[in-house]
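Inside the fold
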Amino acid sequence: MIAHAVRRLCGRAYRRVWPEARSIRNLERHMGHLLCQPHPTTGWHRHPALFAAVRDLLAGVVEPRLLSYGCSTGEEALSLYEVLPNAHVTAIDINPRSIRLARRLAARLAVERVTFVCAGAPPDPALIERFDAVFCLSVLRHARLESELPESCAAILPFARAQLLMHQLDDLLKPGGYLVMWGSNFRLCDTDLASRYATIPTPGCKPHCGPFYTANDRRADAADTAEFVFRKRSDAPNDGL
Ligand SMILES: C[S@@+](CC[C@H](N)C(=O)[O-])C[C@H]1O[C@@H](n2cnc3c(N)ncnc32)[C@H](O)[C@@H]1O
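Residues numbered from 1 in each chain as written. Predicted model: local features only at pLDDT ≥ 70, side-chain atom pairs only at ≥ 80, totals over all residues. Heavy atoms only, no water.

**Examining the sheet that holds strand E1 (residues 65-69)**
Strand order in the open sheet formed by seven strands is E3-E2-E1-E4-E5-E9-E6, with mixed pairing between adjacent strands. Bordering the open sheet on either side are strand E3 (114-118) and strand E6 (197-200), each of which pairs with just one other strand. Adjacent strand axes in the sheet meet at a mean angle of 20 degrees, parallel and antiparallel pairs treated alike. With three bridges joining them, strand E5 (residues 173-182) and strand E9 (residues 229-232) adopt antiparallel strand pairing. Directly across from Val180, in E9, lies its bridge partner Val229. (Pairing = 2+ DSSP bridges. Helix = DSSP H or I, 4+ residues; strand = E, 2+ residues; numbered from the N terminus. Axes fitted to C-alpha atoms, helices over the stretch in contact; angles between N-to-C directions.)

Okay, structure coming up:
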């Protein structure tokens, strides 16, 4: 009886974990040059203070357009929609399995204003309207940087890859819009985008702990940062640097 229950539990865990592990292996094999954090860990309302701060910043926008970049299985995008029910949310992830699960979840909840898109790279900005806020939470990071604390991030997640993704997100953001970047091993202030943004203080939001890696791929001394919300300057040209 007990053995049967244990077997059933193990079977259930295996059926859940195995497809996820296989999807990560496939990504590492075929999309390794683009991939940042491969693990799809997520949850509902993971950042209530941060989401509330952005809701207040967007109070004057009638139907804000939000991008949840690296949305995993959809809980982040659907939480944003709960916090900002007048918003249109586009949610993108590089993992096709996560996007399938996200679409299934949205369908079960009958949510129509959240659109899930599978990306090998951020979509061509010309094909898509620009966003009022772009969320990139726990994406520009890698579990091995945190567990192994290497002196250089080059062999795991090079700075250039993170900076390229930030550029692609910058292209998708309206001038005057907000870039929200939490849980990152890379800081906006170390990139060549820094002068295009002003930091918006968000007291009450949990700080993110490093390690942080700088433009030469070396580990920085800083232990944590409380800078996660950045306003794109209205005069920042939207045609690259
Ligand atoms: C730890 S999850 C974060 C999920 C969610 N943003 C959150 O904070 O709850 C990281 C996600 O980033 C996605 N990801 C990693 N690199 C990506 C890339 N280059 N483009 C799009 N998604 C990416 C992974 O597939 C994974 O679902």
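Anyway, onward from the coordinates.
**Focus on helix H3 (residues 75-83)**
Among the residues making up H3, those that are buried are Glu75, Glu76, Ala77, Leu78, Ser79 and Leu80. Contact partners of the buried residues in H3: helix H2 (48-57), E1, strand E2 (88-93), helix H4 (96-108), E3 and strand E4 (131-137). (Buried < 20%, exposed > 50% of the residue type's maximum accessible area, 1.4 Å probe, protein only. Contact = heavy atoms within 4.5 Å.)

**A short note on unusual backbone geometry**
A cis amide bond, omega 15 degrees, links Gly210 with the succeeding residue Pro211. Looking at where Pro211 falls in the secondary structure, it is placed in the loop between strand E7 (208-209) and strand E8 (224-225). Backbone geometry at Ser138 places phi at a positive 55 degrees, although glycine is not the residue there. Topologically, Ser138 is positioned in the loop between E4 and helix H5 (143-148). A relative accessible area of 15% places Ser138 in the buried class.

**Considering the side chain of Asp132**
Secondary-structure assignment places Asp132 in strand E4. The class for Asp132 is buried, based on a relative accessible area of 9%. Within the local environment of Asp132, its side chain forms a polar contact with the side chain of Lys174, the two groups lying 3.1 Å apart. The residues contacting Asp132, other than those within four sequence positions of it, are Leu58, Val61, Glu63, Pro64, Arg65, Leu173, Lys174, Gly177 and Tyr178. (Polar contact = N/O pair within 3.5 Å; in protein donor to acceptor, adjacent residues only side chain to side chain.)

Keep in mind these numbers describe shape, not what the thing actually does.
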